[in-house]
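Residue-level listing of the chains:
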Amino acid sequence: MKAIVLQTLDGAQHIGFILCAIPPGDIEGDCMFSIVPDDAELLEDPNVVGLLDRRDLGESQVELSEDTRSLRIRSHRLDDMFVRFETDGVGEWGYIRQGEPVACGQASTINSQH
């Protein structure tokens, strides 16, 4: 998984990408955010602002789960983020707030785009 597409919760609008660099056979690596929303109004959405904050930090740490169907992203001084996938490569992204995952949008791997 080299790139993850981020969309709004209803899947109607594109927000951006997470670009991952995880060495083959490893479960940890780095990622960067490219935020290019379909609609400029999304730049005011608090969830998108969180993505912009991550983008501005540069690299974040990413850790794949053992089954490689979910990942956790850690960015300095920001809430952790998660991305979970179903077997078809489509899933959701969000933030971990007060220890609980809160879905903020849909996510898909580049291969699962139609």
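Everything quoted here is computed from the prediction, not taken from an experiment. (Residues numbered from 1 in each chain as written. Predicted model: local features only at pLDDT ≥ 70, side-chain atom pairs only at ≥ 80, totals over all residues. Heavy atoms only, no water.)

Visitor: Mind laying out the sheet that holds strand β1 (residues 3-7), listing which residues take part and the relevant values?
Guide: Spatial ordering of the closed barrel is given by β1-β2-β3-β4-β5-β6-β7-β8, a layout of eight strands whose pairing is antiparallel. The mean inter-strand angle of the sheet, taken between neighbouring strand axes irrespective of direction, is 35°. Judged from the five bridges that link them, strand β6 (residues 81-85) and strand β7 (residues 90-97) form a sheet pairing that is antiparallel. Residue pairing across strands places Phe82 opposite Gly94, the latter belonging to β7. (Pairing = 2+ DSSP bridges. Helix = DSSP H or I, 4+ residues; strand = E, 2+ residues; numbered from the N terminus. Axes fitted to C-alpha atoms, helices over the stretch in contact; angles between N-to-C directions.)

Visitor: Can you break down the pattern of salt bridges residue by residue, with the values?
Guide: Inspection of every chain in the model, using the stated rule, returns seven salt bridges. We note a salt bridge from Glu86 to Arg69, for which the minimum N-O separation is 3.7 Å. Note that Glu86 is positioned in the loop between β6 and β7 and Arg69 in the loop between β4 (60-64) and β5 (70-74), a separation of 17 residues in sequence. Residue Glu86 is classed as exposed on the basis of its relative accessible area, which comes to 52%. (Salt bridge = Lys/Arg side-chain N within 4 Å of Asp/Glu carboxyl O. Buried < 20%, exposed > 50% of the residue type's maximum accessible area, 1.4 Å probe, protein only.)

Visitor: I'd like a description of the pairing of β4, backed by residues and values.
Guide: Here β4 shows a clear split, with Ser60, Val62 and Leu64 buried on one side and none of Gln61 and Glu63 buried on the other. When β4 meets β5, the two strands line up antiparallel, connected through four bridges. Paired with Val62 across the strands is Ile73, a residue of β5. Linking β4 to β5, which pair antiparallel, is a turn of five residues; within it Thr68 sits at a positive phi near 60°.

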